[in-house]
Amino acid sequence: MENGPMIFAGMVFVLFGGALLVWTAVRVGHREPVAQDVSPVASAALALVASCAALAVGVWCLARL
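*Asks:* Describe the overall build of the chain, with residues and values.
*Replies:* A tally of helices and strands in the chain yields two helices and zero strands. Its C-alpha atoms give the chain a radius of gyration of 14 Å, more than 25% over the compact-globule value 11 Å for 65 residues. Oriented by its inertia axes, the alpha-carbon framework of the chain measures out at about 45 × 15 × 15 Å. Here the chain, with 65 residues, has 18% of them falling under the buried criterion. For the chain, the exposed area adds up to about 4800 Å²; of that, 73% sits on carbon and sulfur atoms.

Rendered as C-alpha cells:
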C-alpha cells in the first residue's frame with residue numbers, strides 16, 4: 001500500500017531528470033542557450049547539476065522499495 005506513492009515519486013523524478021539531461025545536452029550540442037540572459041557555461045552547469053540531482057533522488061526512491 002505504501003509502495004504506490006514511492007514508485008510514482010521515483011518515476012516522476014527519473015523522468016524529469018532524464019528529460020532535463022537530454023534537453024540540456026541537445027541545447028549545448030546545438031550551441032543554443034540553456035537559459036536566457038545567463039552565462040552559457042553557468043546555465044548548462046546548473047541544469048546538469050539539477051538533472052543529476054533529480055535522477056539521484058529518483059533512483060533513491062526506487063531503491064527503497
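*Asks:* Mind laying out the pattern of salt bridges, listing which residues take part and the relevant values?
*Replies:* Here the idea is simple: oppositely charged side chains can pair when their charged atoms come close. One pass over the full model with this rule turns up one salt bridge. Residue Arg27 pairs with Glu32 through a salt bridge whose shortest N-O separation is 2.8 Å. We classify Glu32 as partly exposed; its relative accessible area is 37%.

*Asks:* Please provide a residue-by-residue account of unusual backbone geometry, values included.
*Replies:* Backbone geometry places Arg31, a non-glycine residue, at a positive phi of 55°. A positive phi is found at Asp37, a non-glycine position, where the angle reads about 60°. Secondary-structure assignment places Asp37 in the loop between α1 (3-29) and α2 (40-63). For Asp37, a relative accessible area of 77% puts it in the exposed group.

*Asks:* Residue-level account of the environment of Val59, with values.
*Replies:* Locating Val59 in the fold gives a position in helix α2. Here the alpha-carbon distance between Val59 and Met11, two residues 48 residues apart in the chain, equals 8.5 Å.

Calculation rules
- Residues numbered from 1 in each chain as written.
- Predicted model: local features only at pLDDT ≥ 70, side-chain atom pairs only at ≥ 80, totals over all residues.
- Heavy atoms only, no water.
- Helix = DSSP H or I, 4+ residues; strand = E, 2+ residues; numbered from the N terminus.
- Rg over C-alpha atoms; globule rule 2.2 N^0.38 Å.
- Buried < 20%, exposed > 50% of the residue type's maximum accessible area, 1.4 Å probe, protein only.
- Areas by Shrake-Rupley, 256 points an atom, 1.4 Å probe, with all protein chains shown as cover.
- Salt bridge = Lys/Arg side-chain N within 4 Å of Asp/Glu carboxyl O.

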